[in-house]
Amino acid sequence: MPQRGLAALLGIPQPLFFGFVGLLLFMVGDGVEAGYLDTYMLHHGHSQGDVNLMFTTYGVTVMLSAWLAGPLSDLYGPKRTMWAGLLLWALLEVGFLSLGLGPDNLSMTLLFYTLRGFAYPLFAYGFLVWIAAATPARMLGSAAGWFWFSFSAGLPTLGSQFARYTIPYIGELATFWSSLGLVIAGGLIALLCVREPIGAKPLAQANADKKQIFFGSISIMWREPKTFASGIIRTINTSSEYAFLAIMPAFFVDQLHFSQSQWLDLLSLIFLGNILFNLAAGMLADKLGHRFVIAIGGCVGCCVTIPLFYYVPLWYPGNFALAAIAGFVYGGTVAAFVPMSGLMPLICPKEKAAALSILGLGAGASTWVGPAVVSVCESWFGMGLEGVIWSFSGLYLLAGVMTLCLRISPEARRHTEMLEKKKKQSRHADFRGAQQTA
């Protein structure tokens, strides 16, 4: 029977509805620190180099964990993978705050923050694999849009706003601690309220070779070169965001003399544009085609809006409204890469989890590639912030060229159609069985 109701009308798979709600709250908690962790450390005597190192090592573990979410979902099921991510986040956050950031111990801060990078990708990207496994092909673009809507609405949009309003009342360190409750609440909503059966069991066959599954999630990059290209494109996609989280607070607060509250508001507006366009990009991809939205809206769009985000505040000093408009549009163009999550299961329908693990690898890589690009530009080539901005603009043009390679083969289309027929037959059989039982 076809899905009905408001959730299906909006493009949300009905059985996974509370997963999106839980993901949103989880990422709000994860994003509380995003807008002020760097300035907190700078104001407590640490150098910009210390901050860049911490974000870079954190990004490396995020990258590895984002890749692991695919094979672990194949072997143990997306739901168990998400449980692992939730438990890791909670335990390592306690260590990060009580042994590192609280007593201002740089070594422990670096250790626990780096290790905590393993946590949220298992939860978030485990859920993305669950979406790909349980969602009909005709809804993949919209479902991917809602995934990134929930993800970006939390990290850092609502997370930054949460910090914006709690810091004046409870202080910066207590605000860090409050994120723990948000993450636990969101994780429990997703894991206890979603009863969809596919994600509760391993996606791979019972006799599958574990080593082959892990190797296959890497070897797919040369067996299906389009996945390698997609991984690079996905890395470029959000690399500028993570770079800007490391360098833009100082630019706006210390150089342009915006207040911390104005910067946090600006950051939230950037990601408001991102979350709104997440939905639009996913739905447009189902209508106009995935590659078109990625190439034009994402690659060309970011190439133009990144310089504008830098120059508009310089051209119009102190004008928060114009800076916010430039940031809002930049956030929207970053969101135009959302159809990648719907495109990859269509390109590789036989190995959806492996294909998505490469996207996860790229998404994780962006968390350290962004700050690393900043370090390379500044340390190796002596560039200032302006040179960094134009370097990122050029990277998005490169991503646009690579997007032209992402075509769905006729064989992949036939396999997707066959899978859809099997799903429909299974749903009809379940429906008839339920009627007979009733």
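Residues numbered from 1 in each chain as written. Predicted model: local features only at pLDDT ≥ 70, side-chain atom pairs only at ≥ 80, totals over all residues. Heavy atoms only, no water.

A. Quick peek at helix α17 (residues 385–403). Helix length check: α17, at 19 residues, gives a terminal C-alpha distance of 28 Å against a target of 27 Å (1.5 Å per residue), a fit within 8%. Among the residues of α17, Leu385, Val388, Ile389, Phe392, Ser393, Tyr396, Ala399, Gly400, Met402 and Thr403 are the ones counted as buried. Buried residues belonging to α17 abut α11 (225–255), α13 (290–315) and α16 (352–380). (Helix = DSSP H or I, 4+ residues; strand = E, 2+ residues; numbered from the N terminus. Expected span 1.5 Å × (residues − 1). Buried < 20%, exposed > 50% of the residue type's maximum accessible area, 1.4 Å probe, protein only. Contact = heavy atoms within 4.5 Å.)

B. Representation of the environment of Thr157 within the structure. Tracing the chain through its elements places Thr157 in helix α8 (residues 140–170). Among the residues examined, Thr157 registers a relative accessible area of 5% and is labelled buried. Each C-alpha atom, one on Thr157 and one on Leu264, is 8.9 Å from the other, the two residues being 107 residues apart in sequence. Every residue in contact with Thr157, bar those within four places of it in the chain, is listed here: Ser152, Ser268, Phe271, Leu272 and Ile275.

C. Representation of the domain arrangement of the chain within the structure. For the chain, the assigned domains read domain 1 (14–195) and domain 2 (214–429). Each of domain 1 and domain 2 was reduced to a C-alpha centroid, and the two centroids are 18 Å apart. Taken together, the contact pairs 49 residues of domain 1 with 47 residues of domain 2. Inspection of the domain 1/domain 2 interface yields 1 salt bridge. (Domains from an automatic or database assignment. Salt bridge = Lys/Arg side-chain N within 4 Å of Asp/Glu carboxyl O.)

D. Representation of the UniProt feature "domain: Major facilitator superfamily (MFS) profile" (unreviewed entry) in the chain. The positions UniProt marks with the feature "domain: Major facilitator superfamily (MFS) profile" (unreviewed entry) are residues 15–411. Counted over residues 15–411, helix gives 83% and strand 0%. Its end C-alpha atoms are 29 Å apart. (UniProt positions renumbered as here; feature names shortened; annotations may be inferred.)

E. Just the packing of helix α5 (residues 78–101) against helix α6 (residues 106–116), in detail. Interhelical geometry of α5 versus α6 gives an angle of 165° and a closest axis separation of 8 Å. With respect to α6, the element α5 is oriented roughly antiparallel. Crossing hand, α5 versus α6: left-handed. Residues Trp89, Leu92, Glu93, Gly95, Phe96, Leu99, Gly100 and Leu101 of α5 pack against Met108, Thr109, Phe112, Tyr113, Leu115 and Arg116 of α6. Grouping the constituent residues of the contact of α5 with α6 by class yields 9 nonpolar, 3 polar and 2 charged. (Axes fitted to C-alpha atoms, helices over the stretch in contact; angles between N-to-C directions. Parallel < 35°, antiparallel > 145°, perpendicular 65-115°, else oblique. Left-handed = near helix turned anticlockwise from the far one by under 90°. Nonpolar A, V, L, I, M, F, W, Y, C, P; charged D, E, K, R; others polar.)

F. Region of interest: the packing of helix α2 (residues 17–31) against helix α7 (residues 119–134). Two elements in contact, α2 and α7, have axes whose closest approach is 11 Å; the angle formed by their N-to-C orientations is 155°. Between α2 and α7, the interaxial angle falls into the category roughly antiparallel. For the element pair α2 and α7, the recorded crossing hand is left-handed. Touching Gly19, Phe20, Leu23, Phe26, Met27 and Asp30 of α2 are Tyr120, Phe123, Ala124, Phe127 and Ile131, all from α7.

G. Layout of the environment of His290. Relative to the helices and strands, His290 is located in helix α13. Through-space distance from the C-alpha of His290 to that of Pro78 is 25 Å; in sequence the pair is 212 residues apart. With residues up to four places along the chain from it excluded, the contact list for His290 reads Gly141, Ala285, Pro339, Gly342, Leu343 and Leu346.

H. Spotlight on unusual backbone geometry. Notably, Asp104 is not glycine yet its phi reads approximately 60°, a positive angle. Secondary-structure assignment places Asp104 in the loop between α5 and α6. For Asp104, a relative accessible area of 36% gives the class partly exposed. Its identity as a non-glycine residue notwithstanding, His257 has a phi of 65°, on the positive side. Mapping His257 onto the fold places it in the loop between α11 and α12 (260–288).

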